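# Geometric and topological summary
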Amino acid sequence: MLQIIPKPSEVMIQKGTLSHDVEINRLVKQDYGEEGYRLTISEEGITEEGSQKGLFYADVTLGQLREQYGHALPCMIITDRPRFSYRGFMLDVCRHFVPVEDIKALLDAAAHFKLNTFHWHLTDDQGWRLESRKYPKLVEIGSKRKRANFGRLHEPAESGGYYRWSEVRDIIAYASERMIDVIPEIEIPGHATALLASYPEIGCGGEEMEVATRGGVLPNLICAGRGQSWEFITNVLEEIVGLFPCQYIHIGGDEACKIKWRQCPDCQAKIKEQGLKDENALQQWFVIRIQNYLAELGKQAIVWNDSLRGVALPTDFVVQAWLGDRELIQDFARRGGKIIQSSTQYYYLDYPYHMIDADSIIHADPVESFRQNSDAAIPWEQAVLGVEAPLWTERITNFDRACYQLFPRLPAVAENAWTVKEAREPDSFLQRYQNQIAFLEQRSIYGAPQHCWKMSEEDKKLDKRDHEYLTGSVENLAAEKADEEMLKRENEIYL
Ligand code: TNX
């Protein structure tokens, strides 16, 4: 069996082996679609055919074959193409900063599994991580925070970090050599505490605050009613559009708890002025303006599914589905909208292995869960643009821990995103993963131990106990719970 991840669409094994060194014959052809390729290994030599991206993926496949067979390659013809055009992983660099070198190692690994999108979660309550020339306080103030209250972690009293424009360009170039697009995310209007700590005048009532040191849902929102906020957002987005060549900009939109908007005279005046129904409609009015602004600059906005609440969101947005809003997601798909599959049930790689092991990911079809209990007329296979796995980092303080969470689960996600339905073979995934370990370890990527790949009930119990130990400072959890209860009472939709 070929030890390749993601499993290719079609493999024809031929007689013979190729054991001498050969030059690879590369033919640029569009016959295999935007990212597909054909790889032919014969006793005479190796031929790759495809677009520029296809040729890159042919090389990746060949690399994995060499890992398996060394210098005696069996003759074969592989014809391969991806099921989804969007195959992503997200990295939260806000809760804990991630150095450039670590991001590059993860991009190497992502490309090895034919992922093509890196979603860079650059702003959140606990940190603003992107240099701004127009708003220098975003990093002077917003990129630093005091010891976090995420759980039982040994953290320094202060920490921080941000990316300079030169580093951003370096990451984009590095990713691009690996056929990976980089999508920046700026959270609007919620998860904005670090921004508001830097520029309080962008929030409701100009309230002063500090960069957050706890997770969960906080009520600090960009004010939708003030002219200053609009100017601020468009200026920041203008810088971002200038930096990132990608078609998409992610503008967040999750967990925007509306307590302050309800009390803010500017937001309430805006609701009246625009004839809006409520605060959800105000969020939509705000993001639709932003999408229109981005469209003028040739970009498209991605939002988390929470932004579907209110009126019917125009389908020029792409919606990233993580939790809830089932019917709104269905309605969006029915109207022709595109959706990224990031369900917390399978794709949240910050969750512990006892909740999601690699085996359960690989057995989940990215489209089926949308199709279940939905209107049969919805063309889900077209509506799903692709799959993305987020790595939130509240409890991930370093590269080793990130790698533990990501491997082998990220390769399982990559296979779900790449391998066409007819070729899927989930049962052989864990065995094929063995052939990838040397590549990863050469890059100092050490994944989770084998008992995590497919967890027995006993191992789940032990993992649960370890996880509670890691995250479970009792006082922290009690404080978080009390805050959340308060927010829940005031805000019907969240948590
Ligand atoms: C929810 S997913 C969040 C993040 C957290 C994550 C933890 C999403 C759009 N929002 O802010 O980090 O849960 O799993």
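Up top is the structure these notes are about.
Conventions used here
- Residues numbered from 1 in each chain as written.
- Predicted model: local features only at pLDDT ≥ 70, side-chain atom pairs only at ≥ 80, totals over all residues.
- Heavy atoms only, no water.
- Helix = DSSP H or I, 4+ residues; strand = E, 2+ residues; numbered from the N terminus.
- Buried < 20%, exposed > 50% of the residue type's maximum accessible area, 1.4 Å probe, protein only.
- Contact = heavy atoms within 4.5 Å.
- Areas by Shrake-Rupley, 256 points an atom, 1.4 Å probe, with all protein chains shown as cover.
- Lys, Arg positive; Asp, Glu negative; His and termini not counted.
- Charge placed at Lys NZ, Arg CZ, Asp CG, Glu CD.
- 1 Å grid on protein atoms, 1.4 Å probe; cavity = no way out; pocket = protein on both sides within 12 Å on 5 of 7 lines; lining within 4 Å.
- Points joined across faces, edges and corners; volume = space filled by probe spheres on them.
- Nonpolar A, V, L, I, M, F, W, Y, C, P; charged D, E, K, R; others polar.
- Salt bridge = Lys/Arg side-chain N within 4 Å of Asp/Glu carboxyl O.
- Phe/Tyr/Trp six-rings, centres within 6.5 Å; stacked < 30°, edge-to-face > 60°.
- Near = heavy atom within 4 Å.
- Polar contact = N/O pair within 3.5 Å; in protein donor to acceptor, adjacent residues only side chain to side chain.
- Core = buried A, V, L, I, M, F, W, Y, C linked by side-chain atoms within 4.5 Å.
- Axes fitted to C-alpha atoms, helices over the stretch in contact; angles between N-to-C directions.
- Parallel < 35°, antiparallel > 145°, perpendicular 65-115°, else oblique.
- Pairing = 2+ DSSP bridges.
- Arc of directions from axis to C-beta.

Okay, the overall build of the protein chain next. Across its full length, the protein chain holds 20 helices and 17 strands. Judged by the C-alpha coordinates and their principal axes, the protein chain covers about 75 × 50 × 50 Å. For the protein chain, the proportion of its 495 residues judged to be buried stands at 60%. Taking all contacts inside the protein chain whose residues are at least 6 apart in sequence as the whole, residues at least 24 apart take part in 74%. A total of about 19900 Å² of accessible surface is found on the protein chain, and carbon and sulfur atoms cover 49% of it. Each charge class in the protein chain was averaged separately, 56 positive and 76 negative side chains, and the resulting centres sit 2 Å apart.

Under the criterion given, the structure shown has 3 cavities of 30 Å³ or more. Empty space within the largest cavity amounts to approximately 60 Å³. In terms of lining, the largest cavity is formed by Leu18, Ser19, His20, Asp21, Val22, Arg66, Gly70, His71 and Leu73. Within the lining of the largest cavity, the residues separate by chemical class into 3 nonpolar, 4 polar and 2 charged. Here the second largest cavity defines a volume of roughly 40 Å³. Around the second largest cavity sit Leu196, Pro200, Gly203, Cys204, Glu207, Met209, Asn220, Leu221 and Lys260, which together line it. Looking at side-chain class alone, the lining of the second largest cavity contains 5 nonpolar, 2 polar and 2 charged residues.

What the second largest pocket holds in volume is close to 410 Å³. Contributing to the lining of the second largest pocket are 22 residues, with Glu34, Glu35, Lys53, Ser85 and Asn116 lying nearest its centre. Of the residues in the lining of the second largest pocket, the class split is 10 nonpolar, 7 polar and 5 charged.

Under the counting rule described, the total for this entry stands at 33 salt bridges. With its nearest N and O atoms 3.4 Å apart, the salt bridge here joins Asp266 to Arg226. With Asp266 in helix α8 (residues 265–274) and Arg226 in the loop between α5 (193–198) and α6 (227–243), this pair connects stretches of sequence that are 40 residues apart. Judged by its relative accessible area of 19%, Arg226 falls in the buried class.

A separate point is the packing of aromatic side chains. Taken as a whole and judged by the stated rule, the model has 23 aromatic pairs. Plain terms: the ring middles of Phe97 and Tyr163 are 4.8 Å apart, the flat faces sit at 35 degrees to each other, and that makes the pair tilted. Taken together, the positions of Phe97 in the loop between β6 (86–92) and α2 (100–112) and Tyr163 in the loop between β11 (158–160) and α4 (165–177) put the pair 66 residues apart, joining distant regions of the chain. Arranged with centres 6.4 Å apart and planes meeting at 25 degrees, the rings of Trp285 and Phe286 form a pair that is stacked.

It is worth spelling out the environment of Arg395 at this point. Mapped onto the elements, Arg395 comes out in the loop between β17 (384–391) and α14 (399–406). For Arg395, a relative accessible area of 27% translates into the label partly exposed.

Time to look at the site of the ligand. Inspection of the region around the ligand gives Arg95, His191, Asp254, Glu255, Trp304, Trp322, Tyr348, Asp350, Tyr351, Trp392 and Glu394 as its neighbouring residues. In this structure, an oxygen atom belonging to the ligand sits 2.8 Å away from a side-chain N or O atom of Arg95. One of the side-chain nitrogen or oxygen atoms of Asp254 is found 2.8 Å away from a nitrogen atom of the ligand. Among the residues making up the shell around the ligand, the classes are represented as 5 nonpolar, 1 polar and 5 charged.

Membership of the largest hydrophobic core comes to 137 residues, with the highest contact counts inside it found for Phe118, Trp120, Ile251, Trp380 and Phe407. For this core, the leading source of residues is α2, giving 8 residues. Beyond its immediate sequence surroundings of up to four residues, Phe407 is in contact with Leu106, Ala109, Phe113, Tyr353, Tyr433, Leu440, Ile445, Gly447 and Ala448. Core analysis: the second largest hydrophobic core is formed by 8 residues, Tyr86, Tyr248, Ile302 and Leu385 among them.

A few words on the packing of α8 against helix α9 (residues 279–296). The geometry of α8 relative to α9 is characterised by a closest axis approach of 10 Å and an angle of 80 degrees between their N-to-C directions. If you check the angle between α8 and α9, you find them roughly perpendicular. Across from Cys267, Gln268, Lys270, Ile271 and Gln274 in α8, the residues of α9 making contact are Glu279, Leu282 and Trp285. For the contact of α8 with α9, the per-class residue count stands at 4 nonpolar, 2 polar and 2 charged.

This next bit is on the environment of Arg83. Along the chain, Arg83 turns up in the loop between β5 (73–80) and β6. Judged by its relative accessible area of 14%, Arg83 falls in the buried class. Excluding its chain neighbours within four sequence positions, the residues that come into contact with Arg83 are Asp365, Pro366, Val367, Glu381, Ala417, Trp418, Thr419, Val420, Lys421 and Arg424. A polar contact of 3.1 Å, which involves the side chain of Arg83, links it to the side chain of Asp365.

We now examine the pairing of β17. Looking along a regular strand, one sees side chains alternate from face to face of the sheet. For β17, a buried count of 8 out of 8 residues is recorded, marking the element as mostly surrounded by other parts of the structure. As paired elements, β6 and β17 share 6 bridges and run parallel to each other. By the bridge assignment for β17, Tyr86 is matched with Gly386. Here 3 bridges tie strand β16 (residues 338–341) to β17, and the two strands are oriented parallel to one another.

Turning our attention to helix α10 (residues 326–334). Of the positions making up α10, those classed as buried are Ile329, Gln330, Phe332 and Ala333. Across the axial projection of α10, the buried residues extend over an arc of 160 degrees, all falling on one side. In this structure, the buried side of α10 is in contact with β15 (318–321), β16, α12 (368–371) and α13 (380–383).

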